[in-house]
There are 2 protein chains.
Amino acid sequence: MEKQLYSDFELYDIVTCGDQEELASLKEVTLQGWVRTNRDNGSIGFIEFNDGTYFKNVQLVYSKDSKDYEVLSSLGTGFAIEITGEFRLTPGNKQPFEVFVNECEIKGACDDDYPLQKKRHSFEFLREIAHLRPRANTFQAVYRVRSVLAFAVHEFFQERGFLYIHTPLITTNDGEGAGNVFDVIAHDSKSPEDFYGHRVNLTVTGQLHVEPFALAFRDVYTFGPTFRAERSNTVRHASEFWMIEPEMAFCDLNDNMDIIEECIKYCIDYVLESCPEEMKFFNSMIDNTLLERLNHVRNSQFKRMPYTEGIEILKKAVAEGVKFENPNIEWGMDLQSEHERYITEKVVKGPVFLTDYPKDIKAFYMRQNDDGKTVAACDLLVPAVGELVGGSQREERYDLLKAKMDSLGITEGLEWYLDTRRYGGCVHSGFGIGFDRLLMYVTGMQNIRDVQPYPRTSNTIKY
Amino acid sequence: MEKQLYSDFELYDIVTCGDQEELASLKEVTLQGWVRTNRDNGSIGFIEFNDGTYFKNVQLVYSKDSKDYEVLSSLGTGFAIEITGEFRLTPGNKQPFEVFVNECEIKGACDDDYPLQKKRHSFEFLREIAHLRPRANTFQAVYRVRSVLAFAVHEFFQERGFLYIHTPLITTNDGEGAGNVFDVIAHDSKSPEDFYGHRVNLTVTGQLHVEPFALAFRDVYTFGPTFRAERSNTVRHASEFWMIEPEMAFCDLNDNMDIIEECIKYCIDYVLESCPEEMKFFNSMIDNTLLERLNHVRNSQFKRMPYTEGIEILKKAVAEGVKFENPNIEWGMDLQSEHERYITEKVVKGPVFLTDYPKDIKAFYMRQNDDGKTVAACDLLVPAVGELVGGSQREERYDLLKAKMDSLGITEGLEWYLDTRRYGGCVHSGFGIGFDRLLMYVTGMQNIRDVQPYPRTSNTIKY
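What counts as what
Residues numbered from 1 in each chain as written. Chains lettered and ligands numbered in written order. Predicted model: local features only at pLDDT ≥ 70, side-chain atom pairs only at ≥ 80, totals over all residues. Heavy atoms only, no water. Helix = DSSP H or I, 4+ residues; strand = E, 2+ residues; numbered from the N terminus. Buried < 20%, exposed > 50% of the residue type's maximum accessible area, 1.4 Å probe, protein only. Pairing = 2+ DSSP bridges. Axes fitted to C-alpha atoms, helices over the stretch in contact; angles between N-to-C directions. Contact = heavy atoms within 4.5 Å. Least-squares fit on C-alpha atoms with pLDDT ≥ 70 in both. Buried area = accessible area lost by both parts, 1.4 Å probe. Nonpolar A, V, L, I, M, F, W, Y, C, P; charged D, E, K, R; others polar. Expected span 1.5 Å × (residues − 1). Polar contact = N/O pair within 3.5 Å; in protein donor to acceptor, adjacent residues only side chain to side chain. Arc of directions from axis to C-beta. pLDDT = per-residue confidence, 0-100. Salt bridge = Lys/Arg side-chain N within 4 Å of Asp/Glu carboxyl O.

## A look at the environment of Gly409(B)
Residues and elements named next belong to chain B.
Item 1. Examined against the element boundaries, Gly409 turns out to sit in the loop between helix H12 (398-408) and helix H13 (415-419).
Item 2. With relative accessibility at 63%, the residue Gly409 sits in the exposed group.
Item 3. Through-space distance from the C-alpha of Gly409 to that of Leu75 is 66 Å; in sequence the pair is 334 residues apart.

Shown next, in the form of structure tokens:
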């Protein structure tokens, strides 16, 4: 008889959602995957088995009646195996089913020094074995949600007719010349300019490159890696991270905020629906306010509040005795995370867009408001995290944009960007979401090093 | 009355697929987009209008009866406008409908030196204005298909339970030490090692990083940028390009080829179905064998042929008088594009996997066959292009892999990769598709510079 190959996911899916006929067809099943644990009490043995397709393990049972008992009882943690056995429903037990194994073939042995033995390991320890931690429970959950969330982002934009644009990673544009870029030099080059005819660096944003596409296709987005040579060693900074940068023509700041709100809610819904086991795990093991928090955000209408009003609120809070590490609240300042969190957690008690920031603390491309002091920016602040999304309406007026760029000395090399304002450049807006931070927000994970497959932070690179 | 805002896509969609009720609701419509051309013959004027949401233009009509006649007749190519007018079906005309414009507001004027005037421009010229060419017909088609094809790739793998893994772009691993990498150095660094504590470069493949994920999740894929400091100035080489790299555990070379075949057919189907107008355009303007070729591939069963047999066929061809630029056919040689195309176009007359290549011309990680001379590799060759996909079963046997890596002097720094073979490393396989080349193949476009948003090739960088 030919072997009937199943995955963990398929078995759980049939047991949970399948019809009776499908369920009845599960008799002799073959599985391929890895041993999590194996305990043999002499007469009967139990293997926690997982093939990576589903968060829950499958329980394998064997005994001396099993044809390959010797092989089965010899299996250690980490072994790759193929088993064939009898599928059995086990109503009333912790697992809804088990497989009584008859045949077992070792597909890959595991040395005794395997670091992932059955015990809890610290995240710090697991970071040192980034090539093995995907097999640990937490990281099975993290990376599955990462994949699902990335697809949710694509679905959200594709369903709405947005075009996905691959903006370049190697560029002559170094953002605002802040210096925290990575230079790129062909290994066999004699000089930095040798390969491309120009000094080049890794991109810090795809926005400037994607704006011309919004002015051709109306609604577009990027979703790709960006880089900052950040030396700040925090739990939220990595030097390589993925960014989502949508850009929409004929879209003003209010439309922009509508789309941000819809996008965040869509992503939360999608993950809650697609990864219920993983989300339960995060809620019980990582952050037990997680599900409540996400459900609250999903059901909130996001407030909108001018920066200036935020400053007034913070001043009043200080006057009333609220303690901040930085208590010098002044109009014009860049808000610290503690200020943002106070506003979203204590005042609004939910998600809030802070809008119309002082022009001097925001990027050159943001549209100047009529007051001459502020720009049409919006930062989305959410409880427990602070800033989650940053966006703005772009300066579409050539003269104003050119004056700003000239004053910053960044016009040279960006003439093409300015040109888009001379050729049918219209009102347009966009935003940026740090994908890794969004993933931290959705999973409750506290360190960016634990949501990236191979984190890139300063002073540590092994892979 | 509030304005009823529509996109070009929505209007065409309602006219083509909508029900009568929906169609009847189209009375006064508002559109926002750009003027392609405007001709006013004194009594009546016609504007070819496009908002980037659909390949076909919308015809706007106006006359002296239009409220904003003066504005309308003044519009030049490239202007951004918002119009409101009466929707009219025009059965029998070239366009299925038109909009008789009453109101028109200029949302962004266009200077007289706008380079995209109504005439055909060469691809060479358009490459010089990469920020404006998305508005040209060909590039409207190219970038829409690019976006659709990228989403097709994600859907194909997500539907099949593959996890999307973001492998890092900055890495210490320089492939096989071939030297054609880009070094990455923090701009403010004193030495190349300063930032990460190691010399680092841009990745040439995500495969080594993704294999450990296949050994945890079974089926995974990457889809992201990769880099080669290629100085060869050809129509098929770029220094930055997107790669799709799936990796599957418990999957041998034959399973691998099954998935490649399914994936390529899925992508072709998806694009033909989602972008019929664009594909018709490519077939008529770029390559009039395109649709026939794609349909043939879609309906073919891909052949499988050992490299050794391919060599015999080529030798026989030379003996029979077939002319190759390189006629010295010998077992062990790397096939040139002319050889690959002869096999797929003249011999097989369809897609063919060439398998089991000599080990010395293939990568170190490919699994050695029992003959000791060949490895379990498969290259997919297709008519008109040659190689489209490269894949292999990976060497899962620790001793063989270590010996190979030692002999190449690449073990240091890749101990973690070797480790995966000691810890439940099982049979696994994977493949790589150059996304830009796949897009060239699906659209018939002949130059990689014309399918990337901002192409990166040596000696040219402006954006």
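Past the structure itself, the notes keep going.
## Quick notes on the sheet that holds strand E3 (residues 58-63) of chain B
Residues and elements named next belong to chain B.
Item 1. Pairing in this closed barrel of five strands is mixed, and the strands run E1-E2-E3-E5-E4 around the ring. On average, adjacent strands in this sheet sit at an angle of 55° to one another, irrespective of strand direction.
Item 2. Sheet analysis places strand E4 (residues 80-89) next to strand E5 (residues 97-108), joined by 10 bridges and oriented antiparallel. Bridge pairing in E5 links Ile83 to Cys104.

## Here's the deal with the side chain of Asn447(B)
Residue and element names in this part refer to chain B.
Item 1. Along the chain, the position of Asn447 falls in the segment after helix H14 (435-443).
Item 2. Judged by relative accessible area, which is 11%, Asn447 ranks as buried.
Item 3. Setting aside chain neighbours within four positions, we find Asn447 in contact with Arg127, Val235 and Met440.

## Focus on the relation of the copies chain A and chain B
Item 1. When chain A is fitted to chain B, the best match, at an RMSD of 0.0 Å, comes from turning it 180° and sliding it 0.0 Å along the axis. Here the copies are linked by what is in effect a two-fold axis. Taking the C-alpha atom as reference, chain A places Val184(A) closest to the rotation axis, 2.4 Å from it.
Item 2. Mapped onto chain B, 100% of the interface residues of chain A are again interface residues, and the two copies thus contact each other with one and the same surface.

## Quick look at the interface of chain A and chain B
Item 1. Each partner contributes residues to the interface: chain A has 104 residues there, and chain B has 104 residues.
Item 2. Buried area between chain A and chain B, summed over both chains or domains, comes out near 8,900 Å², and the portion from carbon and sulfur atoms is 61%.
Item 3. Its largest share of buried area at the contact with chain B, chain A owes to His166(A), Phe195(A) and Tyr423(A), together 9% of the area lost on that side.
Item 4. Considering each element in turn, the side of chain A that touches chain B owes the most residues, 11 residues, to helix H5 (residues 137-159) of chain A.
Item 5. Its residues assigned to classes, the side of chain A that touches chain B comprises 53 nonpolar, 31 polar and 20 charged.
Item 6. Summarising the sheet, strand E8 (residues 182-186) of chain A and strand E8 (residues 182-186) of chain B pair through five bridges and their orientation is antiparallel. Each bridged residue has a counterpart across the sheet, and for Asp183(A) the counterpart in E8(B) is Ile185(B).

## What to know about the environment of Phe223(A)
Item 1. As for its placement among the helices and strands, Phe223(A) is situated in strand E10 (residues 219-227).
Item 2. Residue Phe223(A) is classed as buried on the basis of its relative accessible area of 1%.
Item 3. Sequence-wise, Phe223(A) and Phe435(A) are 212 residues apart; in three dimensions their C-alpha atoms are separated by 8.6 Å.
Item 4. Other than its neighbours up to four places away in sequence, Phe223(A) contacts Ala150(A), Val153(A), His154(A), Tyr164(A), Trp242(A), Met243(A), Ile244(A), Phe435(A), His166(B) and Trp242(B).

## Topic: helix H7 (residues 253-274) of chain B
Item 1. Here H7(B) spans 31 Å end to end across 22 residues, near enough to the 32 Å set by a 1.5 Å rise per residue.
Item 2. The backbone nitrogen of Asn254(B) has a side-chain oxygen 3.1 Å away, supplied by the residue at the start of H7(B), namely Asp252(B).

## Some points on the sheet that holds strand E9 (residues 200-202) of chain B
Item 1. Taken together, six strands build an open sheet; the order of strands is E7(A)-E9(A)-E8(A)-E8(B)-E9(B)-E7(B) and the sheet is antiparallel. The outermost strands of the open sheet, each flanked by one partner alone, are strand E7 (170-171) of chain A together with strand E7 (170-171) of chain B.
Item 2. When E8(B) meets E9(B), the two strands line up antiparallel, connected through two bridges. Bridged to Asp183(B) within E9(B) is Asn201(B).

## Some thoughts on helix H9 (residues 290-299) of chain B
Residue and element names in this part refer to chain B.
Item 1. By the burial criterion, the buried members of H9 are Leu290, Arg293, Leu294 and Val297. Summarising the axial view, the buried residues of H9 lie within an arc of 95°, below the 170-degree limit, and thus occupy one face. Opposite the buried face of H9, by more than 90 degrees, sit the exposed residues Glu292 and Asn299.
Item 2. Against the buried residues of H9 lie H7, helix H8 (276-285) and H14.

## Thoughts on the confidence of the model for chain A
A low pLDDT score tells you not to read the predicted coordinates there in detail.
Item 1. Here chain A averages 95 in pLDDT, and 99% of its residues register 70 or above.
Item 2. Here the predicted complex scores 0.97 on pTM and 0.97 on ipTM.

## Here's the deal with the pattern of salt bridges
Item 1. Overall, the coordinates contain 65 salt bridges over all chains when judged by the stated rule.
Item 2. The salt bridge involving Asp183(B) is made with Arg199(B); its shortest N-O contact spans 3.0 Å. Taken together, the positions of Asp183(B) in strand E8 and Arg199(B) in the loop between E8 and E9 put the pair 16 residues apart, joining distant regions of the chain.
Item 3. Its relative accessible area of 12% is what places Asp183(B) among the buried residues.
Item 4. Look at Arg199(B) and you get partly exposed, because its relative accessible area is 28%.
Item 5. Among the salt bridges present, the one from Glu320(B) reaches Lys316(B), with a minimum N-O distance of 4.0 Å. This pair shows no difference in class: Glu320(B) is exposed, exactly as Lys316(B) is.
Item 6. Linked through salt bridges whose partners overlap, the residues forming this network are Lys3(A), Glu82(A), Glu105(A) and Lys107(A).

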